[in-house]
Every structure is written in C-alpha cells, then in structure tokens.
Amino acid sequence: MTNQSNSSAVSVRDLSFAYGERKALDSVQLEVPVGEVRGVLGPNGSGKSTLFRILATILPAPMGTVSVLGHDVAGRSPELLSSIGVVFQSAALDRKLTVRENLRYGGRMFGLRGSELDQRIDEMLERTNLGDRAATMVEELSGGLRRRAEIAKGLLHRPKLLLLDEPSTGLDPGARRDLWSFVRSIDDVTVVFTTHLMDEADAADRLTLFDEGRVVAEGTPDELRARIGGDVLEIEADDHDAVRERVRGAFDLELVAHGAVLRAETSNAPEQIGRMLTLLGDSVRSIRVGRPSLEDVFLHETGHRLDVVDPEADTGSKRSRRKKRKQKKEEN
C-alpha cells in the first residue's frame, strides 16, 4: 500500500498507542522528508521508544496510520522490511564473534549469500572505517567502535531508512562526536533517531520534541532555541521566596523555581545582572546567564526539565512488569 508522497520517508497521522490503560502515544503527527536526519528528543517515558518500535514494525499501530517509504507498516511487506535498517539501544552483536563474523550473520538474515555478501561486508567495513578491525572480537572494541559495527550491520542490506534508538548512550563525548560525524556522512539514507541527550540532538537537521506521548515542538535546533527569544537567567539561592519578591519588584521579572534553581527568560540579561548582584548580594550563591539551550527549549515548552524519568510510561519494560508482579505479590 502506498499512501505518501515520494518526498516523505516517514508519514505518521493521528497515531495513538497504549500499554493497557497507560497511553504512550497520543494523536501523534510526524512527517520526515527523504534524506533528512530527524531527531526525536524527549525524556524516558515520553513515547519516543514506542514510536521507534512502531516505525521498525515491532509494535502494531492500532490507531492512526504510519507509512514508511510509501508502505503502510501494518502490511509488513518484504519491500518495506528490506528498506529499513534498525539499530537498537541494546547491543545486538555477539561479543564472542569478530566484526566480520557478526556482519556475515547479519547479512544472511537478509538473504545475502556468497560473493554478494562478501562484497557488502567489505563495503561496510570501509565505510565505517572498521577494515583494520574486521578480525577483532567485538568484546575487544571500544564503545564507539562497537556502535559503528552495529550501524554497519544495520546498513548491510542497503536500506533507505535507518532507525537509531539512543545511538550514543554510554559513549564518552569524543566517541559520540565521532559517531555522529560518521552518521552525517552516510549518503542516500534517511535517518530517524531517538535521544534524550542535548549534544546528540544538535546533530539533527530537524528535531521533534516529545513529552507525555505528544509532539510539543518541532524545528531545526536553531529555530527551537530562537523560540525563547532572549537569554536564560538562573539564580541559586536558599530563600527562593525572598529572592523572587525582590527581583519581581525591582525588575518586573518573574522567577520560576525548578529544583534548587530560580529561572527566568529575559531579553536584557546583560543589563540586569550587575544591578541584580548589587540588589541580592549575599542572599544568592550564584547567578548565571546564557543563551538558550535545547534543555531550556524543552523546559519552555513543557514546564519541566528533560531529565524527568518514568520508565513505565513508554515501553511496558521488564522493570515495569517486575514492579507490577511484586506489588501483586505483596497485595496477596
């Protein structure tokens, strides 16, 4: 079934999904043009992993329509499955096999054999700069190289869409930069990735911000930061009420508490900060002013920070099931 234009790699309309009574996705709309690197940014439990699993055809889409590369995902046609490459957050490589052996087994899963498979493996080893590690056991690779091997496996059958779930989780900043330099260099592939990391989100052409199963904002990283339209002011103080009242009276500025920090968005922070230091003196521990970050954008759009975690809200995870079994056992 083809129900999207040739310019769209992913088209999602009115998509909802629930784990029992818990709604993970709520009337989601999403359009990803061919050739784009799209990031789906949100905290754990926001719905992004459920969306990932539906795009990867692992979960059904009971409400709404989802098309990938012109195919309805509900049909799980051979053409659709062969056009998607998937790299999960959890490792899918055999640590006791070499890089080449892992790619060989991965290729066979897609029906590749003989000289064609050997050619594809050599091609991917070259593209991922893993040629000198082909005979290395996966367990001996660094986290960044292991992730590259995962992506090489996901690209072996030459998909048109690459899905990456939290691709750089657990990597140090240097390995993360190297990984995204490689991902950005991939030609003729649309990339959709989920993340809760700010620097990783900045690698996207466009971002879709998720919270509580809904899309709350969308745009390029710079467009999203521009929504705030000024600077972000943060004050650390013991007596929030007193500081808030003094700042409100002197600057007509409303500070909002987020944890231990009082925060405000303002268009003239450089002019205010000197007067503010004089006014508040020893009643504050620190005052910081900076340009808006993606964390600030998320806070601006949702009213809470990105590190809000609810592991049960999205995935119906093993942790959730264990917790429910424990609660039932205690009740009995």
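Here is a short report on the structure shown in this document. (Residues numbered from 1 in each chain as written. Predicted model: local features only at pLDDT ≥ 70, side-chain atom pairs only at ≥ 80, totals over all residues. Heavy atoms only, no water.)

Considering the environment of Glu 265
Logical step 1: Structurally, Glu 265 is set in strand β13 (residues 261-266).
Logical step 2: Look at Glu 265 and you get partly exposed, because its relative accessible area is 28%.
Logical step 3: Ignoring anything within four residues of it in the chain, the contact list for Glu 265 reads Ile 228, Asp 231, Leu 253 and His 300.
Logical step 4: A distance of 3.4 Å separates the side chain of Glu 265 from the side chain of Arg 263, its partner in a polar contact.
Logical step 5: There is a polar contact of 2.9 Å between the side chain of Glu 265 and the side chain of His 300. (Helix = DSSP H or I, 4+ residues; strand = E, 2+ residues; numbered from the N terminus. Buried < 20%, exposed > 50% of the residue type's maximum accessible area, 1.4 Å probe, protein only. Contact = heavy atoms within 4.5 Å. Polar contact = N/O pair within 3.5 Å; in protein donor to acceptor, adjacent residues only side chain to side chain.)

Concerning the pairing of strand β1 (residues 8-19)
Logical step 1: Examined bridge by bridge, β1 and strand β2 (residues 22-33) share eight bridges and lie antiparallel to one another. The residue of β2 that forms the bridge with Tyr 19 is Arg 22.
Logical step 2: Alignment of β1 against strand β4 (residues 63-68), held across five bridges, turns out to be antiparallel. Residue Val 12 lies in a different strand from β4, and its bridge partner there is Val 66. (Pairing = 2+ DSSP bridges.)

Some points on the packing of aromatic side chains
Given two aromatic rings, their pairing is described by the distance between the two centres and the angle made by the two planes.
Logical step 1: The full count for this structure, using the stated rule, is three aromatic pairs.
Logical step 2: Taking the centre distance of 6.0 Å and the plane angle of 70° together, the rings of Phe 52 and Phe 88 count as edge-to-face. Note that Phe 52 is positioned in helix α1 (residues 48-55) and Phe 88 in the loop between β6 (84-87) and α3 (99-109), a separation of 36 residues in sequence.
Logical step 3: A residue is classified by how much of its surface remains accessible, and Phe 52, at 3% relative accessible area, is buried.
Logical step 4: Centroid distance Trp 180 to Phe 193: 4.4 Å. Interplanar angle 55°. Geometry classified as tilted. With Trp 180 in helix α6 (residues 173-185) and Phe 193 in strand β8 (residues 190-195), the pair connects residues that are 13 residues apart, well separated along the chain. (Phe/Tyr/Trp six-rings, centres within 6.5 Å; stacked < 30°, edge-to-face > 60°.)

Regarding the sheet that holds β1
Logical step 1: Taking strand neighbours across the sheet as the criterion, the four strands line up as β2-β1-β4-β5 in an open arrangement whose pairing is antiparallel. Pairing within the sheet leaves two strands with one partner each, and these edge strands are β2 and β5 (71-72).
Logical step 2: Here α1 sits on the sheet in contact with β1, β2 and β4, set at roughly 120° to β1. (Axes fitted to C-alpha atoms, helices over the stretch in contact; angles between N-to-C directions.)

Notes on helix α10 (residues 269-280)
Logical step 1: Every buried residue of α10 is listed here: Ala 269, Gln 272, Met 276 and Leu 280. Looking straight down α10, one finds that the buried residues subtend no more than 60° of arc, so they occupy a single side. Of the exposed residues in α10, the ones pointing more than 90 degrees away from its buried face are Pro 270, Glu 271 and Thr 278.
Logical step 2: Of the residues trailing α10, Gly 281 is marked for its positive phi of about 50°. (Arc of directions from axis to C-beta.)

A look at the packing of α3 against helix α4 (residues 114-127)
Logical step 1: Direction vectors running N to C along α3 and α4 enclose 130°, while the axes themselves pass 10 Å from each other. Overall, the two elements α3 and α4 adopt an arrangement that is oblique. Considering only the axes of α3 and α4, their crossing is right-handed. Mapping the contact onto sequence places Val 99, Arg 100, Leu 103, Arg 104, Gly 107 and Arg 108 in α3 and Leu 117, Asp 118, Ile 121, Asp 122 and Leu 125 in α4.
Logical step 2: Classifying every residue of the contact of α3 with α4 gives five nonpolar, one polar and five charged. (Parallel < 35°, antiparallel > 145°, perpendicular 65-115°, else oblique. Left-handed = near helix turned anticlockwise from the far one by under 90°. Nonpolar A, V, L, I, M, F, W, Y, C, P; charged D, E, K, R; others polar.)

Describing the sheet that holds strand β7 (residues 161-165)
Logical step 1: Spatially, the six strands line up as an open sheet ordered β6-β7-β8-β3-β9-β10, and their pairing is mixed. Only two strands of the sheet have a single neighbouring strand rather than two, namely β6 and β10 (214-219). Here the strands of the sheet are splayed against their neighbours by 15° on average, with no regard to which way each runs.
Logical step 2: Sheet strands touched by helix α11 (residues 294-302): β9 (206-211) and β10. Its angle to β9, the strand with the most contacts, is close to 45°.

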